[in-house]
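Analysis of the macromolecular model
Read off the chains here:
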Amino acid sequence: MNYKQHVMIGLASAGIASYYDLTSYYELSAVYPFQQGLFHTGLYYVGAIFGSLLPDIDHPSSYIGRKLPGLSKSISKLFGHRGFTHSIVCVAALYFGLTELKEQVPSVPALGITIGYISHLLADSLTPQGAQLLYPLQVRLFKPTTFMKKLLRR
Ligand SMILES: [Zn+2]
């Protein structure tokens, strides 16, 4: 799955989360982003874009891996592609990390980052290669769907 597909899925997930007001139940979003105006809405979606790209930091030739080659190669050597950064443990670490950093990272973009990140993991887990959501266990929770197979052929 390429970075453009991940960004589109991340933005769609952020939109769905907002539409159904799922964000108001999220601890990081003390305030619903759209009630704070256009600036916060923009931050929310920029966060979702960043979050949708972040898991592929474990692949040096990925979009974000090319931006941070040293870090990407280190993570790739340690965990491999679609390993730790594509796991539920990493999402939990991201969540608690952003919660701890809420003085430095405002809640609205942090919420977008988390939603974008989760969308990436779910999308990758539906591809034929899958993702190790239960890393270090090598268990696949989902099987690839026909829709994802068709999407990836484009
Ligand atoms: Zn990925």
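No experiment lies behind these values; they were computed from the predicted model shown. The numbers attached to residues start from 1 for each chain and follow its sequence in the written order. The predicted origin of the model limits local features to residues at a pLDDT of at least 70 and limits the giving and counting of side-chain atom pairs to 80 or more, whereas totals for whole chains, interfaces and linings rest on all residues.

1. Description of the overall build of the chain
Along its length, the chain carries seven helices and zero strands. Secondary structure counts use DSSP, requiring at least four H or I residues in a row for a helix and at least two E residues in a row for a strand, with both numbered from the N terminus. Listed by position from the N terminus, the elements making up the chain come as α-α-α-α-α-α-α. What counts as a contact here is a pair of residues whose C-beta atoms, placed from the backbone, lie within 7 Å. Looking at the chain alone, contacts between residues at least 24 apart form 64% of all its contacts between residues at least 6 apart.

2. Re unusual backbone geometry
For the peptide bond that leads from Tyr135 to Pro136, omega is 10°, which places it in the cis range. Its location among the elements puts Pro136 in the loop between helix H6 (107-125) and helix H7 (146-153).

3. Structural notes on helix H1 (residues 3-19)
Helix length check: H1, at 17 residues, gives a terminal C-alpha distance of 24 Å against a target of 24 Å (1.5 Å per residue), a fit within 8%. Listed in full, the buried residues belonging to H1 are His6, Ile9, Gly10, Ser13, Ala14, Ala17 and Ser18. One less than the residue count of a helix, multiplied by 1.5 Å, gives the span that helix is expected to have. Note on burial: count the other C-beta atoms lying within 10 Å of the residue's C-beta; 20 or more is buried, 12 or fewer is exposed, in between is partly exposed, and C-beta positions come from the backbone.

4. Topic: the confidence of the model for the chain
What pLDDT conveys is the predictor's confidence in a given residue, as a value from 0 to 100. Mean pLDDT over the chain stands at 84; residues scoring 70 or higher make up 86%. The secondary structure element of the chain with the lowest average pLDDT is H7, at 70, and the one with the highest is helix H3 (residues 63-67), at 95.

5. Quick notes on the nonpolar core
What makes a nonpolar core is a set of buried Ala, Val, Leu, Ile, Met, Phe, Trp, Tyr and Cys residues, with links drawn between C-beta atoms within 7 Å. Of all hydrophobic cores here, the largest spans 16 residues; its most connected members are Ala14, Tyr44, Ala48, Leu111, Ile115 and Leu121. Where this core is concerned, the elements lending two or more residues are H1, helix H2 (38-53) and H6. If you tally residues by element for this core, the top one is H6, at eight residues. If we skip the residues at most four places from it in the chain, Leu121 touches Pro55, His86, Val91, Ala131 and Leu133.

6. Some remarks on the packing of helix H5 (residues 88-100) against H6
Orientation of H5 relative to H6, taken along the N-to-C sense of each, is 180°, at an axis distance of 10 Å. As judged from the angle between their axes, H5 and H6 are roughly antiparallel. On H6, the residues touching Val91, Leu94, Tyr95 and Leu98 of H5 are Ala110, Ile113, Thr114, Tyr117, Ile118 and Leu121. Residue polarity follows a fixed list, in which Ala, Val, Leu, Ile, Met, Phe, Trp, Tyr, Cys and Pro are nonpolar, Asp, Glu, Lys and Arg are charged, and the others, Gly among them, are polar. Broken down by class, the residue content of the contact of H5 with H6 amounts to nine nonpolar, one polar and no charged. Helix axes are fitted only over the stretch in contact, all axes being lines through C-alpha atoms; the angle between N-to-C directions runs from 0 to 180 degrees. The scheme is simple: roughly parallel for angles under 35 degrees, roughly antiparallel for over 145, roughly perpendicular for 65 to 115, oblique for anything else.

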